[in-house]
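# Examining the three-dimensional arrangement
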Amino acid sequence: MKHIQGNFIGNSMSVAIVVSKFNNLVTQQLLNGAQDCLTQHGVASANITVAWVPGAFELPLIAKKMALTRHFDAIICLGAVIQGETTHYDFVCNQTASGISQVALQTDIPTIFGVLTTNTLEQALTRVGGKGGNKGWEAALAALQMRNLIKQIDDKHILSKPTNKVFETRT
Ligand code: INI
């Protein structure tokens, strides 16, 4: 039996972060968490490109444009959708989640869903530095693991060797 998983090594990795201006108090903290995580795992600051979009609904299109440049190993989408009085919230959440998923599947570039969906601003703030940790940091960890897992799958000779080791990619 073979188990494979991606490690957290970010050396030589290029990342695009697409972040929404809507609920900037929250999204700026998501961005800080994601940037800290990437640089602490070896990604050079010069290899991180940040693109700001108006709201979460706009994340998928810019994520797709970034992916199609083929300059990036992973795309991280960050946003905060907070429940209001209307059904607008449901439309924004559903379209954003579905759009981000489509970018990943259509381009084969890991495209990470780092979008908070909460009932209140307070709930969102607890997820970006309070007791709930920082979801931007978690999104960056997902990007590192996915990129390194994909590298292993693409490196077919590793998969063809019979072994029961758990592999981790070395960069
Ligand atoms: N965009 C968000 O990122 N978060 C929200 O909470 C939000 N609410 O509640 O409306 C929101 N709306 C804007 C939307 O993402 C688009 O920018 C807008 O509809 C223009 O396409």
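Every value quoted in this text rests on a predicted model; they were computed, and no experiment measured them.

## Things to note about the site of the ligand
- Neighbouring the ligand are the residues Ser-20, Phe-22, Asn-23, Gly-55, Ala-56, Phe-57, Glu-58, Ala-80, Val-81, Ile-82, His-88 and Val-92.
- Measuring from an oxygen atom of the ligand, one finds a backbone N or O atom of Ala-56 at 2.9 Å.
- Contributions of two or more residues to the shell around the ligand are made by strand S4 (74-82) and helix H3 (88-107).
- By residue number, the principal contributor to the shell around the ligand is S4, which donates three residues.
- Here the residues of the shell around the ligand are counted per class, giving seven nonpolar, four polar and one charged.

## A look at the pattern of salt bridges
- On inspection of all chains with the given rule, the structure shows one salt bridge.
- Glu-138 is paired through a salt bridge with Lys-135; the nearest N and O atoms lie 3.3 Å apart. Linking Glu-138 with Lys-135, this pair stays in helix H5 (residues 135-154), spanning three residues, or about one helical turn.
- The partly exposed category is assigned to Glu-138, whose relative accessible area is 38%.
- A residue is classified by how much of its surface remains accessible, and Lys-135, at 29% relative accessible area, is partly exposed.

## A few points about the state of the cysteines
- Counted under the stated rule, the structure contains zero disulfides.
- The structure places no disulfide on Cys-37, whose sulfur is separated from the nearest cysteine sulfur, that of Cys-77, by 16 Å.
- The class for Cys-37 is buried, based on a relative accessible area of 0%.
- Cys-77 supplies the cysteine sulfur nearest to Cys-93, a cysteine that is in no disulfide, at a spacing of 14 Å.

The rules behind these values
- Residues numbered from 1 in each chain as written.
- Predicted model: local features only at pLDDT ≥ 70, side-chain atom pairs only at ≥ 80, totals over all residues.
- Heavy atoms only, no water.
- Near = heavy atom within 4 Å.
- Polar contact = N/O pair within 3.5 Å; in protein donor to acceptor, adjacent residues only side chain to side chain.
- Helix = DSSP H or I, 4+ residues; strand = E, 2+ residues; numbered from the N terminus.
- Nonpolar A, V, L, I, M, F, W, Y, C, P; charged D, E, K, R; others polar.
- Salt bridge = Lys/Arg side-chain N within 4 Å of Asp/Glu carboxyl O.
- Buried < 20%, exposed > 50% of the residue type's maximum accessible area, 1.4 Å probe, protein only.
- Disulfide = S-S within 2.5 Å.

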